[in-house]
Amino acid sequence: MEQKEGYLVPILCKAFALMEYLGQWPGGRTMAEALADLDFPKTTLHRLLGALTEEGYLAQDPETGRYTLSRRLLRLGLAALGEAGLVEYALQPMRALRDKVRESIMLGAFMDNRVVLLEQVLGSHNFTFMLKPGTAFCLHASAPGKLFLAYLSAEEREAALQTVDYHVFTKNTLSSREALEAELEEVRARGYATDAEEEMEGVNCVAAPIFNSFGEIAAALWTSGPSGRLTRNDFTTVARQVKASADEVSTRLGYKPR
(Lines give C-alpha, C1' and ligand atoms only; values in the text may rest on other atoms or scores of the structure.)
Protein backbone atom coordinates (compact mmCIF):
# COMPACT_ATOMS: atom_id res chain seq x y z
CA MET A 1 0.00 0.00 0.00
CA GLU A 2 2.81 2.40 0.88
CA GLN A 3 4.45 1.70 -2.45
CA LYS A 4 1.25 2.51 -4.33
CA GLU A 5 0.87 5.80 -2.48
CA GLY A 6 4.31 6.77 -3.70
CA TYR A 7 2.98 6.82 -7.26
CA LEU A 8 0.10 9.20 -6.56
CA VAL A 9 0.28 12.62 -8.21
CA PRO A 10 -1.87 14.97 -6.10
CA ILE A 11 -2.68 17.45 -8.87
CA LEU A 12 -3.65 14.60 -11.22
CA CYS A 13 -5.94 13.12 -8.57
CA LYS A 14 -7.59 16.52 -8.16
CA ALA A 15 -8.06 16.80 -11.93
CA PHE A 16 -9.86 13.45 -12.05
CA ALA A 17 -11.94 14.39 -9.00
CA LEU A 18 -12.92 17.65 -10.70
CA MET A 19 -14.03 15.88 -13.88
CA GLU A 20 -16.03 13.30 -11.93
CA TYR A 21 -17.66 16.14 -10.01
CA LEU A 22 -18.64 17.97 -13.22
CA GLY A 23 -19.99 14.71 -14.60
CA GLN A 24 -22.68 14.90 -11.92
CA TRP A 25 -23.83 18.30 -13.21
CA PRO A 26 -24.93 18.07 -16.89
CA GLY A 27 -25.90 21.76 -16.76
CA GLY A 28 -22.41 22.72 -15.64
CA ARG A 29 -21.00 24.53 -12.61
CA THR A 30 -19.34 27.90 -12.17
CA MET A 31 -15.96 28.20 -10.50
CA ALA A 32 -17.63 29.68 -7.41
CA GLU A 33 -20.04 26.73 -7.17
CA ALA A 34 -17.25 24.21 -7.64
CA LEU A 35 -15.13 26.00 -5.04
CA ALA A 36 -17.99 25.76 -2.53
CA ASP A 37 -18.47 22.04 -3.20
CA LEU A 38 -14.87 20.87 -3.50
CA ASP A 39 -12.12 21.02 -0.92
CA PHE A 40 -9.68 22.63 -3.37
CA PRO A 41 -7.54 25.74 -2.90
CA LYS A 42 -8.87 28.52 -5.11
CA THR A 43 -5.64 28.84 -7.12
CA THR A 44 -5.52 25.08 -7.72
CA LEU A 45 -9.12 25.00 -8.94
CA HIS A 46 -8.54 28.00 -11.20
CA ARG A 47 -5.48 26.38 -12.79
CA LEU A 48 -7.19 23.03 -13.26
CA LEU A 49 -10.25 24.58 -14.92
CA GLY A 50 -8.03 26.63 -17.21
CA ALA A 51 -5.74 23.74 -18.13
CA LEU A 52 -8.53 21.21 -18.75
CA THR A 53 -10.44 23.75 -20.82
CA GLU A 54 -7.37 24.61 -22.87
CA GLU A 55 -6.72 20.89 -23.50
CA GLY A 56 -10.32 20.41 -24.63
CA TYR A 57 -11.58 18.20 -21.80
CA LEU A 58 -13.85 20.91 -20.42
CA ALA A 59 -15.98 23.56 -22.12
CA GLN A 60 -17.00 26.91 -20.64
CA ASP A 61 -20.20 28.71 -21.52
CA PRO A 62 -19.14 32.30 -22.37
CA GLU A 63 -22.43 33.71 -21.06
CA THR A 64 -22.92 31.85 -17.78
CA GLY A 65 -19.30 30.94 -17.05
CA ARG A 66 -20.36 27.37 -16.31
CA TYR A 67 -17.93 24.54 -16.98
CA THR A 68 -19.08 21.21 -18.47
CA LEU A 69 -17.38 18.07 -19.67
CA SER A 70 -16.56 18.21 -23.37
CA ARG A 71 -17.15 15.77 -26.20
CA ARG A 72 -13.49 14.80 -26.03
CA LEU A 73 -14.29 12.86 -22.87
CA LEU A 74 -17.18 11.17 -24.66
CA ARG A 75 -14.69 9.87 -27.21
CA LEU A 76 -12.54 8.49 -24.41
CA GLY A 77 -15.60 6.83 -22.93
CA LEU A 78 -16.39 5.18 -26.25
CA ALA A 79 -12.80 3.98 -26.53
CA ALA A 80 -13.13 2.43 -23.08
CA LEU A 81 -16.30 0.67 -24.25
CA GLY A 82 -14.44 -0.62 -27.32
CA GLU A 83 -16.58 1.44 -29.71
CA ALA A 84 -14.19 4.24 -30.65
CA GLY A 85 -15.38 4.29 -34.28
CA LEU A 86 -19.08 4.26 -33.45
CA VAL A 87 -19.84 7.86 -34.39
CA GLU A 88 -17.94 7.61 -37.66
CA TYR A 89 -19.75 4.38 -38.59
CA ALA A 90 -23.13 5.87 -37.69
CA LEU A 91 -23.03 9.27 -39.40
CA GLN A 92 -23.80 8.17 -42.97
CA PRO A 93 -26.73 5.91 -41.96
CA MET A 94 -28.01 8.70 -39.69
CA ARG A 95 -27.99 11.21 -42.55
CA ALA A 96 -29.73 8.74 -44.85
CA LEU A 97 -32.37 8.08 -42.19
CA ARG A 98 -32.88 11.82 -41.71
CA ASP A 99 -33.53 12.19 -45.42
CA LYS A 100 -36.25 9.52 -45.18
CA VAL A 101 -38.09 10.64 -42.03
CA ARG A 102 -37.06 14.34 -42.14
CA GLU A 103 -36.85 14.45 -38.33
CA SER A 104 -33.69 14.86 -36.25
CA ILE A 105 -31.71 11.66 -35.69
CA MET A 106 -29.81 11.02 -32.45
CA LEU A 107 -27.11 8.58 -31.36
CA GLY A 108 -26.55 7.82 -27.69
CA ALA A 109 -24.52 5.54 -25.43
CA PHE A 110 -25.14 4.14 -21.95
CA MET A 111 -22.77 5.63 -19.37
CA ASP A 112 -23.09 5.66 -15.57
CA ASN A 113 -26.72 4.50 -15.60
CA ARG A 114 -27.93 7.15 -18.02
CA VAL A 115 -28.08 7.64 -21.78
CA VAL A 116 -25.74 10.31 -23.11
CA LEU A 117 -26.14 11.98 -26.52
CA LEU A 118 -23.07 11.41 -28.69
CA GLU A 119 -24.11 12.81 -32.05
CA GLN A 120 -27.13 14.14 -33.91
CA VAL A 121 -28.17 14.96 -37.45
CA LEU A 122 -30.67 17.81 -37.63
CA GLY A 123 -34.01 17.29 -39.32
CA SER A 124 -34.91 18.99 -42.58
CA HIS A 125 -38.15 20.62 -41.36
CA ASN A 126 -38.13 24.35 -40.65
CA PHE A 127 -38.85 23.47 -37.01
CA THR A 128 -36.68 20.63 -35.72
CA PHE A 129 -35.01 19.46 -32.53
CA MET A 130 -31.41 20.29 -31.66
CA LEU A 131 -29.87 19.03 -28.42
CA LYS A 132 -26.63 19.88 -26.67
CA PRO A 133 -23.93 17.17 -27.05
CA GLY A 134 -23.64 15.29 -23.78
CA THR A 135 -27.32 15.76 -22.94
CA ALA A 136 -28.44 12.97 -20.60
CA PHE A 137 -31.76 11.13 -20.81
CA CYS A 138 -33.65 9.36 -18.03
CA LEU A 139 -34.15 5.62 -18.22
CA HIS A 140 -37.88 5.21 -17.52
CA ALA A 141 -39.39 7.96 -19.71
CA SER A 142 -37.16 8.15 -22.79
CA ALA A 143 -37.09 5.81 -25.78
CA PRO A 144 -33.29 5.27 -25.67
CA GLY A 145 -33.40 4.81 -21.89
CA LYS A 146 -36.01 2.05 -22.11
CA LEU A 147 -34.13 0.52 -25.03
CA PHE A 148 -30.93 0.13 -23.03
CA LEU A 149 -32.78 -1.27 -20.04
CA ALA A 150 -34.38 -3.85 -22.32
CA TYR A 151 -31.13 -5.04 -23.87
CA LEU A 152 -28.57 -4.74 -21.08
CA SER A 153 -27.44 -7.90 -19.31
CA ALA A 154 -29.59 -8.95 -16.35
CA GLU A 155 -26.92 -7.77 -13.90
CA GLU A 156 -26.49 -4.37 -15.56
CA ARG A 157 -30.25 -3.95 -15.89
CA GLU A 158 -30.84 -4.59 -12.21
CA ALA A 159 -28.11 -2.12 -11.21
CA ALA A 160 -29.63 0.52 -13.51
CA LEU A 161 -33.19 -0.11 -12.31
CA GLN A 162 -32.03 0.53 -8.75
CA THR A 163 -31.19 4.12 -9.77
CA VAL A 164 -34.56 5.02 -11.36
CA ASP A 165 -36.60 7.52 -9.31
CA TYR A 166 -39.76 7.32 -11.47
CA HIS A 167 -40.20 11.06 -11.65
CA VAL A 168 -43.50 11.81 -13.40
CA PHE A 169 -42.97 14.26 -16.26
CA THR A 170 -46.36 13.95 -17.98
CA LYS A 171 -49.60 12.00 -17.65
CA ASN A 172 -48.03 9.29 -19.86
CA THR A 173 -44.87 8.73 -17.77
CA LEU A 174 -44.35 5.22 -16.39
CA SER A 175 -44.44 5.71 -12.64
CA SER A 176 -43.52 2.30 -11.21
CA ARG A 177 -41.02 -0.49 -11.68
CA GLU A 178 -43.82 -2.92 -12.50
CA ALA A 179 -45.06 -0.74 -15.34
CA LEU A 180 -41.53 -0.20 -16.62
CA GLU A 181 -40.65 -3.90 -16.61
CA ALA A 182 -43.84 -4.70 -18.52
CA GLU A 183 -42.86 -2.09 -21.10
CA LEU A 184 -39.35 -3.57 -21.37
CA GLU A 185 -40.83 -6.95 -22.29
CA GLU A 186 -42.71 -5.28 -25.12
CA VAL A 187 -39.54 -3.49 -26.26
CA ARG A 188 -37.66 -6.78 -26.51
CA ALA A 189 -40.56 -8.43 -28.33
CA ARG A 190 -40.89 -5.77 -31.03
CA GLY A 191 -37.22 -4.75 -31.23
CA TYR A 192 -37.65 -1.02 -30.67
CA ALA A 193 -38.68 1.44 -27.96
CA THR A 194 -40.95 4.47 -28.01
CA ASP A 195 -41.55 7.60 -25.98
CA ALA A 196 -45.16 8.71 -26.47
CA GLU A 197 -45.04 12.12 -24.82
CA GLU A 198 -43.67 10.47 -21.67
CA GLU A 199 -40.74 12.80 -20.96
CA MET A 200 -42.05 15.94 -22.63
CA GLU A 201 -45.53 16.99 -23.72
CA GLY A 202 -45.85 17.17 -27.49
CA VAL A 203 -42.73 15.14 -28.29
CA ASN A 204 -42.60 11.53 -29.53
CA CYS A 205 -39.52 9.34 -30.08
CA VAL A 206 -38.71 5.97 -31.64
CA ALA A 207 -35.42 4.16 -30.86
CA ALA A 208 -33.67 1.01 -32.08
CA PRO A 209 -30.58 -0.81 -30.76
CA ILE A 210 -27.10 -0.92 -32.26
CA PHE A 211 -25.13 -4.06 -31.38
CA ASN A 212 -21.37 -4.64 -31.32
CA SER A 213 -19.45 -7.70 -32.54
CA PHE A 214 -20.15 -9.49 -29.24
CA GLY A 215 -23.91 -9.12 -29.64
CA GLU A 216 -24.12 -6.54 -26.85
CA ILE A 217 -26.04 -3.30 -27.17
CA ALA A 218 -23.48 -0.61 -27.98
CA ALA A 219 -25.69 2.39 -28.67
CA ALA A 220 -29.20 3.61 -29.35
CA LEU A 221 -30.31 5.26 -32.57
CA TRP A 222 -33.51 7.27 -32.41
CA THR A 223 -35.59 9.98 -33.98
CA SER A 224 -37.63 12.66 -32.21
CA GLY A 225 -40.39 14.87 -33.53
CA PRO A 226 -43.48 16.84 -32.55
CA SER A 227 -46.36 14.50 -31.69
CA GLY A 228 -48.50 16.18 -34.34
CA ARG A 229 -45.95 15.26 -37.01
CA LEU A 230 -44.46 12.03 -35.64
CA THR A 231 -47.74 10.48 -34.48
CA ARG A 232 -48.33 7.21 -32.65
CA ASN A 233 -49.83 5.84 -35.85
CA ASP A 234 -46.45 6.42 -37.48
CA PHE A 235 -44.48 4.44 -34.87
CA THR A 236 -44.52 1.08 -36.66
CA THR A 237 -43.47 2.51 -40.03
CA VAL A 238 -40.81 4.80 -38.59
CA ALA A 239 -39.52 1.99 -36.36
CA ARG A 240 -38.81 -0.17 -39.42
CA GLN A 241 -36.74 2.63 -40.90
CA VAL A 242 -34.88 3.35 -37.67
CA LYS A 243 -34.18 -0.37 -37.14
CA ALA A 244 -32.84 -0.74 -40.68
CA SER A 245 -30.40 2.12 -40.09
CA ALA A 246 -29.40 0.78 -36.68
CA ASP A 247 -28.81 -2.66 -38.22
CA GLU A 248 -26.55 -1.06 -40.82
CA VAL A 249 -24.41 0.48 -38.07
CA SER A 250 -24.39 -2.84 -36.19
CA THR A 251 -23.05 -4.57 -39.29
CA ARG A 252 -20.30 -1.96 -39.56
CA LEU A 253 -19.36 -2.73 -35.95
CA GLY A 254 -19.00 -6.41 -36.82
CA TYR A 255 -22.32 -7.68 -35.48
CA LYS A 256 -23.63 -10.88 -37.02
CA PRO A 257 -27.20 -11.90 -36.06
CA ARG A 258 -27.50 -15.45 -34.80
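Under an unreviewed UniProt entry, the name given to the chain is IclR family transcriptional regulator, and the source organism is Candidatus Rikenella faecigallinarum.

Visitor: Before we go on, may I ask you to explain the pattern of salt bridges in this structure?
Guide: Opposite charge on two side chains lets them pair, provided their charged atoms get close. Evaluated as defined, the whole model comprises 12 salt bridges. For Glu103, the salt bridge is made with Arg229, and the minimal N-O distance between the two is 2.7 Å. With a gap of 126 residues between them, Glu103 in the loop between α6 (86–101) and β3 (104–111) and Arg229 in the loop between β8 (217–226) and α10 (235–252) connect regions that are remote in the sequence. Take Glu103: its relative accessible area is 5%, and that puts it in the buried class. For Arg229, a relative accessible area of 29% corresponds to the partly exposed category. A single network of salt bridges, built from pairs that share partners, joins Lys146, Glu183, Glu186, Arg190 and Glu198.

Visitor: Just to check I follow, could you spell out the packing of helix α7 (residues 143–151) against helix α9 (residues 177–190) for this structure?
Guide: Two quantities define a packed helix pair, namely the angle between the helix axes and the distance between the axes. Between α7 and α9, the least distance of the axes is 9 Å, while the angle of their chain directions is 80°. Classed by the angle they form, the pair α7 and α9 counts as roughly perpendicular. Of the residues in α9, those touching α7 at Lys146, Leu147, Leu149, Ala150 and Tyr151 are Leu180, Glu183, Leu184, Val187 and Arg188. In terms of residue class, the contact of α7 with α9 is made up of seven nonpolar, no polar and three charged.

Visitor: Would you mind going over a nonpolar patch on the surface with me for this structure?
Guide: A grouping of Val9, Ile11, Leu12 and Phe16 is seen on the molecular surface, where their side chains present a nonpolar patch of about 360 Å² in accessible area. With respect to the helices, strands and loops of the structure, Leu12 is situated in helix α2 (residues 10–23). With a relative accessible area of 43%, Leu12 lands in the partly exposed category.

Visitor: Looking at this structure, how should I read the sheet that holds β3?
Guide: Paired through backbone hydrogen bonds, the strands of a sheet run either parallel or antiparallel to each other. Pairing within the open sheet is antiparallel, and its six strands lie in the order β5-β4-β3-β8-β7-β6. In this open sheet, the two edge strands, each paired with only one partner strand, are β5 (136–137) and β6 (193–196). Here strand β7 (residues 203–211) runs beside β8; their pairing, made up of nine bridges, is antiparallel. Looking at β8, one finds that Asn204 is bridged to Gly225. In the packing of α10 onto the sheet, the strands contacted are β6, β7 and β8, and the crossing angle to β7 comes to about 30°.

Visitor: What should I look at first to understand the packing of aromatic side chains in this one?
Guide: How two aromatic rings sit relative to each other is set out by the distance from centre to centre and by the angle between their planes. Inspection of every chain in the model, using the stated rule, returns four aromatic pairs. Ring plane angle 85° and centroid distance 5.3 Å describe the contact between Phe137 and Trp222, whose orientation is recorded as edge-to-face. Of this pair, Phe137 sits in strand β5 while Trp222 sits in strand β8, and the two are 85 residues apart along the sequence. The residues Phe137 and Trp222 share a single accessibility class, namely buried. With a centroid separation of 5.6 Å and an interplanar angle of 75°, the aromatic rings of Tyr151 and Phe211 are classed as edge-to-face. Of this pair, Tyr151 sits in helix α7 while Phe211 sits in strand β7, and the two are 60 residues apart along the sequence. Judged by relative accessible area, Phe211 falls into the buried class, the value being 12%. Taken together through their ring pairs, the aromatic side chains of Tyr151, Phe211 and Tyr255 make up a single cluster. The ring of Trp25 has Arg29 sitting right over it, with the charged end atom 3.7 Å from the ring centre. Its guanidinium or amino end placed over the ring of Tyr192, Arg190 lies 5.0 Å from that ring's centre, counting from NZ or CZ.

Visitor: What is the right way to look at the nonpolar core in this model?
Guide: One recurring pattern in soluble globular proteins: nonpolar side chains tend to sit buried together. The biggest cluster of nonpolar side chains holds 30 residues, and the ones touching the most others in it are Leu86, Met94, Ile105, Leu107, Leu118, Ile210 and Leu221. A per-element tally of this core places α6 first, with seven residues. Ranked by size, the runner-up nonpolar core spans 29 residues in total, among them Val164, Ala193, Val203 and Ala220.

Visitor: I tried to follow α10 on my own but got confused; where do I start?
Guide: Taking 1.5 Å per residue as the helical rise, α10 with its 18 residues ought to reach 26 Å, and the 25 Å between its terminal C-alpha atoms agrees with that figure. Elements in contact with the buried residues of α10: α6, β6, β7 and β8. At the C-terminal side of α10, Gly254 shows a positive phi close to 100°.

Thresholds, definitions, all that
Residues numbered from 1 in each chain as written. Predicted model: local features only at pLDDT ≥ 70, side-chain atom pairs only at ≥ 80, totals over all residues. Heavy atoms only, no water. Salt bridge = Lys/Arg side-chain N within 4 Å of Asp/Glu carboxyl O. Helix = DSSP H or I, 4+ residues; strand = E, 2+ residues; numbered from the N terminus. Buried < 20%, exposed > 50% of the residue type's maximum accessible area, 1.4 Å probe, protein only. Axes fitted to C-alpha atoms, helices over the stretch in contact; angles between N-to-C directions. Parallel < 35°, antiparallel > 145°, perpendicular 65-115°, else oblique. Contact = heavy atoms within 4.5 Å. Nonpolar A, V, L, I, M, F, W, Y, C, P; charged D, E, K, R; others polar. Patch = residues over 30% accessible without salt bridge, like charges linked within 9 Å, V, L, I, M, F, W, Y side chains within 5 Å. Areas by Shrake-Rupley, 256 points an atom, 1.4 Å probe, with all protein chains shown as cover. Pairing = 2+ DSSP bridges. Phe/Tyr/Trp six-rings, centres within 6.5 Å; stacked < 30°, edge-to-face > 60°. Lys NZ or Arg CZ within 6 Å of the ring centre and 35° of its normal. Core = buried A, V, L, I, M, F, W, Y, C linked by side-chain atoms within 4.5 Å. Expected span 1.5 Å × (residues − 1).

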